[in-house]
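# Working through the structure, step by step
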Amino acid sequence: MTAPADSTASDPTRAGLGGEAPLPPLGSAGLLRWMWRQLTSMRTALILLFLLAIASVPGSVLPQRGGNPRRVEQWLTDNPTSGPLLDRLGLFDVYSSPWFAAVYLLLFISLIGCVLPRVGQHWRAMRTPPPAAPRNLLRLPASREVDVRQPPDAVLDSAAEWLRSRRWRIRRGETNGVPWVSAETGYLRETGNLVFHLSLIVILVAVAVGGLFGWKGNVIVKEGGGFSNTLTQYDTWGGGRMVDPSRLAPFSFTLDDFKVDFERGEAQRGAPRLFEADITYRAEPGAAPEDTKIEVNHPLEVEGAKVFLIGHGYALHFVVRDSTGEVVYDDSSVFLPQDANFTSNGVVKVPDSDPPLGFTGLFLPTAAIDEVRGGFSTFPAADDPLVLMAAFRGDLGMDTGAPQNVYRLDTSNMAKVGLDSLTPGQTWQLPNDSGSIEFAGIDRWVSLQIAYDPGKELALLAAVVAIAGLSVSLFVRRRRIWVKAARADAGSTLVQIAALAKAEGADPGADVTELADHLGGQDAASERSAQ
Amino acid sequence: MTSTELAQASNALVYASMFTLTLAMIFFAASFAAGRRRPARAAAPATTSVEGAGGTAVLTRPPEADDRPLEPGRRAANIGMSLTWLAFLLLLGGVILRGVWAGRAPWGNMYEFSITGALGVLGVFLGMSIRRDLRWLGLFVTIPTLLWLGLAVTVLYTEAAQLVPALKSYWLVIHVSAAIICFGGFTFAAATAGLSLVRGRIERRQGTTDVTGWTSRMPTSERLQTLTNRVVAFSFPLWTFAVVAGAIWAENAWGRYWGWDPKETWAFITWVIFAAYLHARSTAGWRGSRASWIAVAGWVAFLINYFGVNIFVNSLHSYSGM
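All figures in this text were calculated on a predicted structure; none of them were measured in a lab. (Residues numbered from 1 in each chain as written. Chains lettered and ligands numbered in written order. Predicted model: local features only at pLDDT ≥ 70, side-chain atom pairs only at ≥ 80, totals over all residues.)

A few words now on the overall build of chain B. Scanning chain B from N- to C-terminus turns up 8 helices and 2 strands. Scanning chain B from its N terminus toward the C terminus, one meets helices and strands in the order α-β-β-α-α-α-α-α-α-α. Of all 322 residues assigned to chain B, the portion counted as buried reaches 51%. Residue pairs at least 24 apart in sequence account for 78% of intrachain contacts in chain B once pairs closer than 6 positions are excluded. (Helix = DSSP H or I, 4+ residues; strand = E, 2+ residues; numbered from the N terminus. Buried ≥ 20, exposed ≤ 12 C-beta atoms within 10 Å, placed from the backbone. Contact = placed C-beta atoms within 7 Å.)

This is the structure in structure tokens:
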């Protein structure tokens, strides 16, 4: 993990590392040194980069627990033989698996081992004056010889002034009575390169800070419902090792209204066009309530945490009465969407009736029924709503103490009572005098993600610095230039200029030409070569 | 103009651009064919040559680099370049009218991404051609761009519509425009890298860098590699920026700056491959053809991200509009 695009030849520290690996000297210290050198070599960095790219692929093909745990469960159910095997290899948690961590940690160790010594080298290089002029300048690939009228010292003064104004570093000297100017520029290239690589380490640190001190939770809130930021209110919650879940910021809010709109035109019919959640929130208990709204791309910021709108669906309001007509259930239940047109599944559990009742429902916001597909929805808005219900009677299994899935009805100890379909306002009188269920209305729910990541500002800062360093390291070209001036016959001065590129992409010829033009001499080279 | 007229005008400009680009491709191909008929390039000899013709010695001046007589096919290639400029301007008009029609930045679905991507490829090619002679590359830019546009107008075509709420953000303009320019840069780099591989093979077979045959008009494989490196060195920081801008947007929209969504994963893979390319360029034994293969692989990763993730994978980034 070293400087991209610096030529190997110009970098003595890399000499030998690119070629065949030197044999390890005897002794364990020697072996360790040899292994360290192998690990920090550019070739190892290259191989680790490839490994990192390849290791990232499976996580984009297989569902991941971090992103979509429900699809992982589905995948495991659909593939009972290969599923558990892949699971054991960590292929459903690729990015937190030990082998993925091994690749990137090795890469970062390689990076540190390569970059840190170079920081020292670069520090010394910046404090070292440019090297003395080589004996024969005209042997360099980019060189020129010109005749100038001024005396040698004046020429060199002018050249040094010109170079200094362009921020070249200057050294002047004299070899065998011939004075010269030696100059070098483009140190920023290596500075940028080192800054870029060090920033990557900072990004890794920022990610770790977010992982240790950050937390993230999801919650479904129905219209009219509320939420307060305590652990028990979340449907799912995950926090870093350094988070104390009992000390979350004490804000709370209620969802007053959720507005949603879908494309009704021909093109992209059914695509969402508007999501807007109107909420009332309090920063802490007893604080004045504030009205605000949450939209996609416009999260609510409270106490360092952000509340994001990440999903929505229908919540159906049912009223269940027992055989005497007494209300035993009056609530809305969350129906989970199954497709883009919000064909949704949900259940109603009524433990308070005697015997307990349970219902499964298929909700069709814009209903269509077809012999092959059964009931399905043709549009995501509730234009022509219908819910297909199945009623069950018996043991709901809610007394066993085992955790229950609120979105699933365990009918193993229940008897089916009947089937019916309901539109809003309709009531279904259950057979055998079991009571009735009324489809009282349609509400909506929103799925919110509440996240706190104290590392994100640092990550952003490091990313910005990384881009700046990277750009500098790829656009600045390190190069040297030498000028010699000696008195020739007839009162003129013979000036030799030569330049050398120390990085790919530099154009030393252009530097030579520019400086020669500045000194304004007659080209001596052509006459010479003509002789 | 009414909405329908705008739509028709935008589509007409895209089709006109494709037609012009087809002509450009034909002229570039003709220029290659002309170059091919002549067995060896008039390989400018360093010394003055004397050609015997019926006993009379005819002195021919060695052609200078700049005022060399028109190589066969040179004129065809010039016409091809002019037509490519025209196609670029027509496509630019098509993209702008598409945006006017939709009343937003024209980046809401795959058709729009694709026509703008083609604009990016042509733009990078033409931009690079201002300072250097790239006529030899014209054929290898026009062919993929035409295929790309063909795919856009047939398979990916979508009527303009409003944006889904997730795309309603100024980050759309920042993130997507950077990604599209990178697409142009990476495509250019893949083309020159691929050609350097082909040319390198021919150079090895003929045992010289001054080869004959259809690649004779191109720069040497080494110069092609240098050109590839330049374009990657320009595109890589921009791609880094596009990924970081995407992360900022993701943080604002989804509550996390990085979540290993398939789109993010492949953007990361593309980034890592081009990082490997830059490292390979400074590793002995990797500078040449191996680095070129890596550049091609990076471009393939970009395409997988574009087609694979948009269409086939369940991703938060599935905005194909199809």
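Before going further, it helps to spend a moment on helix α9 (residues 456-475) of chain A. Between its terminal C-alpha atoms α9 of chain A stretches 28 Å, which fits the 28 Å expected from 20 residues at 1.5 Å a residue. Those residues of α9 of chain A not exposed but buried are K456, A459, A462, A463, A466, G469, L470, S473 and L474 of chain A. The buried side chains of α9 of chain A occupy one side of the element, clustering within an arc of 140° when seen end-on. Buried residues belonging to α9 of chain A abut α8 (187-213) of chain A together with α6 (221-254) of chain B. (Expected span 1.5 Å × (residues − 1). Arc of directions from axis to C-beta.)

Once that is clear, we can look at the nonpolar core. Counting residues in each nonpolar core, the largest one holds 170 residues, and the members touching the most others are L49 of chain A together with L91, I273 and Y277 of chain B. When sequence neighbours within four positions are dropped, the list of residues in contact with Y277 of chain B reads V232, A291, I294, A295 and G298 of chain B. Counting 25 residues, the second largest nonpolar core, distinct from the first, contains L137, A485, V512 and L515 of chain A. (Core = buried A, V, L, I, M, F, W, Y, C linked by C-beta atoms within 7 Å.)

In this assembly, 53 residues from chain A lie in contact with 49 residues from chain B. Of all elements in the fold, only α2 (42-56), α3 (58-61), β8 (272-282), β11 (305-321), β20 (436-452) and α9 of chain A reach the threshold of two or more residues within the side of chain A that touches chain B. Considering every element that reaches the side of chain A that touches chain B, the biggest residue donor is α2 of chain A, with 9 residues.

This brings us to the confidence of the model for chain A. Per-residue confidence for chain A gives a mean pLDDT of 86, with 93% of residues at or over 70. In this model, residues 1-20 of chain A is a region of pLDDT below 50 whose contacts with residues beyond four sequence positions or in other chains number 51 contacts. (pLDDT = per-residue confidence, 0-100.)

Let us look at the domain arrangement of chain A. Here the domain parsing of chain A yields domain 1 (8-127), domain 2 (137-185 + 479-530) and domain 3 (320-444). The gap between the C-alpha centroids of domain 2 of chain A and domain 3 of chain A is 89 Å. (Domains from an automatic or database assignment.)

Attention now goes to the domain arrangement of chain B. All names here are of chain B. Examined at the domain level, chain B breaks down into domain 1 (1-39 + 73-156) and domain 2 (164-322). For domain 1 and domain 2, the distance between their C-alpha centres works out to 20 Å. When residues of the side of domain 1 that touches domain 2 are traced back to their parent elements, those giving at least two are α1 (3-37), α3 (110-131) and α4 (138-154). Counting residues per element, the side of domain 1 that touches domain 2 draws most heavily on α3, at 9 residues. Across the side of domain 1 that touches domain 2, the residue classes tally to 15 nonpolar, 7 polar and 1 charged. (Nonpolar A, V, L, I, M, F, W, Y, C, P; charged D, E, K, R; others polar.)

Residues and elements named next belong to chain A. An order of β2-β3-β21-β22-β1-β23 is seen for the 6 strands of this open sheet, with the pairing classed as antiparallel. One side of each edge strand has no neighbouring strand; the edge strands of this open sheet are β2 (169-175) and β23 (522-523). Both strand β21 (residues 479-487) and strand β22 (residues 493-501) contribute to a ladder of 9 bridges, which runs antiparallel. Across the sheet, the residue bridging to R487 is T493, located in β22. (Pairing = 2+ DSSP bridges.)

Residues and elements named next belong to chain A. With respect to the helices and strands, the residue A315 is situated in strand β11. What makes A315 buried here is the crowd of 26 C-beta atoms within 10 Å. With 17 residues separating them in the primary sequence, A315 and S332 have C-alpha atoms 5.6 Å apart. Ignoring any residue separated from it by four or fewer positions in sequence, one finds A315 in contact with K222, S332, S333, V334, F335, D443, R444 and W445.

This paragraph deals with the environment of S447 of chain A. All names here are of chain A. Tracing the backbone through its elements, the reader meets S447 in strand β20. Between the C-alpha atoms of S447 and Q74, which are 373 residues apart in sequence, the distance is 21 Å. Filtering out sequence-adjacent residues up to four positions away, S447 remains in contact with N218, I220, I310, G311 and H312.

Residues and elements named next belong to chain A. Across 7 bridges, the pairing between β2 and strand β3 (residues 178-185) is antiparallel. Across the sheet, the residue bridging to R171 is S182, located in β3. Connecting β2 to the next strand, β3, in antiparallel fashion are 2 residues, including N176 with a positive phi near 50°.

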